[in-house]
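# Architecture at a glance
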Amino acid sequence: MDDVADLQAQIVALRLAVEGVWLSVLAGDPNAVGQAERLRDANVASLDQLDAATPQARAAREAVALHTRSLWGSIVWQLQQDPSRV
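First, a word on what this report is: a plain description of the structure on this page.

What counts and what doesn't
Residues numbered from 1 in each chain as written. Predicted model: local features only at pLDDT ≥ 70, side-chain atom pairs only at ≥ 80, totals over all residues. Heavy atoms only, no water. Helix = DSSP H or I, 4+ residues; strand = E, 2+ residues; numbered from the N terminus. Rg over C-alpha atoms; globule rule 2.2 N^0.38 Å. Buried < 20%, exposed > 50% of the residue type's maximum accessible area, 1.4 Å probe, protein only. Areas by Shrake-Rupley, 256 points an atom, 1.4 Å probe, with all protein chains shown as cover. Salt bridge = Lys/Arg side-chain N within 4 Å of Asp/Glu carboxyl O.

As a further point, take the overall build of the protein chain. From N to C terminus, the protein chain includes 3 helices and 0 strands. Reading the protein chain from its N end, one meets helices and strands in the order α-α-α. The C-alpha radius of gyration computed for the protein chain amounts to 15 Å, which surpasses the reference 12 Å derived for 86 residues by more than 25%, pointing to a less compact arrangement than a globule. Principal axes of the C-alpha set define a box for the protein chain whose edges measure 45 × 35 × 15 Å. A total of 86 residues make up the protein chain; the buried ones form 21% of that total. When the accessible area of the protein chain is evaluated, it comes to approximately 6,000 Å², of which 60% is carbon and sulfur surface.

Right, dumping it as structure tokens:
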């Protein structure tokens, strides 16, 4: 496996682990979807606090924000699919 493929595999594995942890943490919350949405918004908002003085830094910050929104969007979607929450 080349270095890029290995790094991509590590990132996917880390993302799955993070999603799993948050799904477990939120499992007992009666308003898990709302809580996940608040956490998503807070996480994305905190990224605006990062210094991004150069175009590369701004691009990196925006990329992290995009992936953070995607991660939390996936968590929210999975919580919405849980039949016990409907």
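Having put the structure on the table, let's press on.
A few words now on the pattern of salt bridges. What the rule picks out here adds up to 3 salt bridges. Between Arg15 and Glu19 there is a salt bridge, and its shortest N-O distance comes to 2.9 Å. With Arg15 and Glu19 both in helix H1 (residues 3–26) and 4 residues apart, this pair spans about one turn of that helix. Given the relative accessible area of 28%, Arg15 is considered partly exposed. According to the relative accessible area criterion, Glu19 is buried, its value standing at 8%.

Purely spatial values, then, with no claim about function.
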